[in-house]
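# Topology and contacts: notes
Here's the letter readout for the chains.
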Amino acid sequence: MAVLKVKFTKTKRDKLAQILWILNWVSVVSGIILFSLGLFLKIEIKKRNEVMAKGDINSVPNMLISVGVVACIINFLGGKICYDCSDANKFSRWKLVMLPYIVCTFCFTFCILVGALMCYTMRNELEESLYLGLRDAIKFYKDTDIPGRCFLKKTVDLLQIGFHCCGNNGFRDWFEIQWVSARYLNMASKDVLDRLKSNVDGKFLVDGVPFSCCNPSSPRPCIQYQLTNNSAHYNYDFLTEELNIWVKGCREALLDYYTAIMRSIGIAALLIWLFELSVLIGVRYLQTAMKNVLLLGDLEGESDGWLLENSFVETAKYNISIIKNLGKANQISTVSGLNDPNIDVQNTNCGKTNVTTKSIPAAR
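Cut-offs and rules
- Residues numbered from 1 in each chain as written.
- Predicted model: local features only at pLDDT ≥ 70, side-chain atom pairs only at ≥ 80, totals over all residues.
- Heavy atoms only, no water.
- UniProt positions renumbered as here; feature names shortened; annotations may be inferred.
- Helix = DSSP H or I, 4+ residues; strand = E, 2+ residues; numbered from the N terminus.
- Buried < 20%, exposed > 50% of the residue type's maximum accessible area, 1.4 Å probe, protein only.
- Contact = heavy atoms within 4.5 Å.
- Areas by Shrake-Rupley, 256 points an atom, 1.4 Å probe, with all protein chains shown as cover.
- 1 Å grid on protein atoms, 1.4 Å probe; cavity = no way out; pocket = protein on both sides within 12 Å on 5 of 7 lines; lining within 4 Å.
- Points joined across faces, edges and corners; volume = space filled by probe spheres on them.
- Nonpolar A, V, L, I, M, F, W, Y, C, P; charged D, E, K, R; others polar.
- Disulfide = S-S within 2.5 Å.
- Patch = residues over 30% accessible without salt bridge, like charges linked within 9 Å, V, L, I, M, F, W, Y side chains within 5 Å.
- Salt bridge = Lys/Arg side-chain N within 4 Å of Asp/Glu carboxyl O.
- pLDDT = per-residue confidence, 0-100.
- Axes fitted to C-alpha atoms, helices over the stretch in contact; angles between N-to-C directions.
- Parallel < 35°, antiparallel > 145°, perpendicular 65-115°, else oblique.
- Left-handed = near helix turned anticlockwise from the far one by under 90°.

As recorded by an unreviewed UniProt entry, the chain carries the name RDS2 protein and is attributed to Calyptomena viridis. UniProt's Subcellular location (unreviewed entry) comment on the chain is quoted here verbatim: "Membrane".

### So, the overall build of the chain
Check the secondary structure of the chain and you find 8 helices and 2 strands. Within the chain, the proportion of its 364 residues that are buried is 38%. In the chain, 73% of the contacts between residues at least 6 apart in sequence involve partners at least 24 apart. Total accessible area on the chain is roughly 22,500 Å²; 61% of this is exposed by carbon and sulfur atoms.

### Re the layout of surface pockets
Here the second largest pocket defines a volume of roughly 180 Å³. Lining the second largest pocket we find Lys-42, Ile-45, Lys-46, Asn-49, Met-52, Ala-53, Lys-54, Gly-55, Ile-57 and Asn-58.

### Section: unusual backbone geometry
The bulk of non-glycine residues show a negative phi, and the bulk of peptide bonds are trans. Phi at His-164 is positive, roughly 55°, even though this residue is not glycine. Its place among the elements puts His-164 in the loop between helix 5 (152-163) and helix 6 (190-197). Overall, the relative accessible area of 43% leaves His-164 in the partly exposed class. We note that Gln-226 has phi near 50°; this positive angle belongs to a residue other than glycine. Of note, Gln-226 is situated in the loop between helix 6 and helix 7 (250-296).

### Some remarks on empty space enclosed by the protein
In this approach the atoms are scanned with a rolling probe the size of a water molecule, which exposes any empty space left behind. Under the defined criterion, the tally for this structure stands at 2 cavities of 30 Å³ or more. Lining the second largest cavity we find Asn-24, Asn-75, Tyr-101, Thr-105, Glu-276, Val-279, Leu-280 and Val-283. The set of elements that each furnish at least two residues to the lining of the second largest cavity consists of helix 3 (88-121) and helix 7. Of all the elements, helix 7 adds the most residues to the lining of the second largest cavity, at 4 residues. Residue classes in the lining of the second largest cavity are distributed as 4 nonpolar, 3 polar and 1 charged.

### Things to note about the state of the cysteines
Tallied over the entire structure, the rule returns 3 disulfides. What pairs with Cys-214 in a disulfide is Cys-222, and their sulfur atoms sit 1.8 Å apart. Residues Cys-214 and Cys-222 share a disulfide whose torsion about the S-S bond is about -70°; that sign makes it left-handed. Look at Cys-214 and you get buried, because its relative accessible area is 16%. Exposure remark for Cys-222: the relative accessible area of 32% places this residue in the partly exposed category.

### Let's talk about a nonpolar patch on the surface
Together, Trp-21, Ile-22, Trp-25, Val-26, Phe-76 and Tyr-83 make up a nonpolar patch on the protein surface, roughly 620 Å² of accessible area in all. Those elements giving two or more residues to the nonpolar patch turn out to be helix 1 (10-47) and helix 2 (59-84). Sort the elements by how many residues they give to the nonpolar patch and helix 1 lands first, with 4 residues. Relative to the assigned elements, Tyr-83 resides in helix 2. Assessed through its relative accessible area of 48%, Tyr-83 is described here as partly exposed.

### Notes on the confidence of the model for the chain
Interpreting fine coordinate detail is not advised for predicted regions of low pLDDT. The predicted model of the chain averages 81 in pLDDT, with 83% of residues at 70 or higher. Of all the helices and strands in the chain, helix 8 (residues 312-324) carries the lowest mean pLDDT, 68, while helix 5 carries the highest, 94. Taken as a whole, residues 332-364 scores under 50 in pLDDT and shows 3 contacts with residues more than four places along the chain or in a different chain.

### Let's talk about the packing of helix 1 against helix 2
Interaxial distance between helix 1 and helix 2 falls to 7 Å at its minimum, and their mutual angle equals 165°. Classified by the angle their axes make, helix 1 and helix 2 are roughly antiparallel. Read as a crossing pair, helix 1 and helix 2 show a hand that is left-handed. In the contact of helix 1 with helix 2, the residues fall into 22 nonpolar, 9 polar and 1 charged.

### A short note on the packing of helix 1 against helix 7
Packing of helix 1 against helix 7 leaves a shortest axis separation of 9 Å and a crossing angle of 155°. Relative to helix 7, the element helix 1 is oriented roughly antiparallel. Every pair of crossing elements has a handedness; the one defined by helix 1 and helix 7 is left-handed. Taken together, the residues that form the contact of helix 1 with helix 7 break down as 27 nonpolar, 4 polar and 3 charged.

Below, the structure written as structure tokens:
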């Protein structure tokens, strides 16, 4: 029994073909939108790839870009097919193409759904990438005279100023690394030497942060050093008073920023997927209705259209049997009672046994 069978008249078939022709051109625009969203996300990630570790974070934008390009091609072809389907004679040219086209389009719409879901499942990979990338960027913050790292100080400072953040997890991350270059340390100072000797690694550690961590909205001048020493500053308590530096870590700030972008892209991709799926259903109805009207032979009469010719269970069993039989066409049958066909071939007896020889009359 056919699934969701609908009866179409000649007028309804023509209107369906015209509507689908328009919707396919709208789908071309949706493909451009998918491509643009993927390109935008890729550019946003590339802007801050210095503070991201290498990983699979580009899989989502690459997926959206690829799907967007394929959408433009498939829907452009679909528009041509639907336009020709308004004429039964022109439909005969596409009759053998439409079913493979529908199957390919179904796989393509599934890829859109996968891309939309990936926007919501990418958070963990992105968080790990940001954590490792920011950790290394902060670690090499002081290396302004080393090729390949000299840009990291500017990158981190602009990041902290732009996203109102400080450190990787928070401002205390700066307490655990030496972020002041040795070329700017006075080695003749006792205080500097004592700090270098105060830890096993011989690093110059201070309870201070770079200037880019300062909050310009703070009512008091920025306190960058001795942040945890209440006696070092007048009327200051770092436990109770709101610090005049950014408290949020840059990993959290960037993660919130990219999560908001990917959530919006995911919603847009889901809407496009629903739209593409509705167009695909319409194309399937048009294909079955035009196929049946050709079988009936009455081009002006009514015809049935459906999503599946048989039930879901029967269709699934049929497709599974096709998959199981793939590759068996060239195998020799080994059913009991049947031998190799090359063995039992009857041979022509070319010998002289039992062959009657007719005498040739002698010439006179």
